[in-house]
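# An overview of the molecular structure
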Amino acid sequence: MSDEQTCQRCGEPVELDREDFELFERMHPECFHFAFEHDLNKPGLSVDEDCGDPACPAAS
Ligand SMILES: [Zn+2]
Ligand SMILES: [Zn+2]
């Protein structure tokens, strides 16, 4: 397909519905989280650390 969706943050293909892709600013949901939400409360927080958000990909 010519309109392959590519993540604006990591450059990998994103397999989401177009609508959801736009919703996440043309990123993976987890990339969107790291880009906009992850260090909101703790600036400079490492991507390996849980930011406290239940949706945080770093939470195990
Ligand atoms: Zn990504
Ligand atoms: Zn987080």
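Read on for a plain summary of the structure. (Residues numbered from 1 in each chain as written. Chains lettered and ligands numbered in written order. Predicted model: local features only at pLDDT ≥ 70, side-chain atom pairs only at ≥ 80, totals over all residues. Heavy atoms only, no water.)

### Some remarks on the coordination of the zinc ion (ligand 2)
Bound to the zinc ion (ligand 2) are the protein donor atoms His 33 (NE2), His 38 (ND1), Cys 51 (SG) and Cys 56 (SG), situated 1.9 to 2.3 Å from the metal. Around the zinc ion (ligand 2), the four donor atoms sit at angles spanning 104 to 117 degrees, and that spread fits a shape best called tetrahedral. Expressed as a motif, the donor residue spacing for the zinc ion (ligand 2) is H-x4-H-x12-C-x4-C. On the criterion of sequence distance, the pair formed by His 38 in the segment after helix H2 (29–37) and Cys 51 in the segment after H2 is long-range, its members being 13 residues apart. The exposure class of His 38 is buried, given its relative accessible area of 3%. (Donors = N, O, S within 2.8 Å, 3.2 Å for Na, K, Ca; no water. Tetrahedral: all angles 85-135°; square planar, octahedral: opposite > 155°, others 65-115°. Helix = DSSP H or I, 4+ residues; strand = E, 2+ residues; numbered from the N terminus. Buried < 20%, exposed > 50% of the residue type's maximum accessible area, 1.4 Å probe, protein only.)

### Notes on the pattern of salt bridges
Across all of its chains, the model carries two salt bridges by this definition. The salt bridge partner of Arg 18 is Glu 22, with a shortest N-O separation of 3.6 Å. With Arg 18 and Glu 22 both in helix H1 (residues 18–23), this residue pair falls four residues apart, about one helical turn. Glu 22 is the partner of Arg 26 in a salt bridge, and the nearest nitrogen-oxygen pair spans 2.8 Å. Taking the relative accessible area as the measure of exposure, Arg 26 reaches 32% and is therefore partly exposed. (Salt bridge = Lys/Arg side-chain N within 4 Å of Asp/Glu carboxyl O.)

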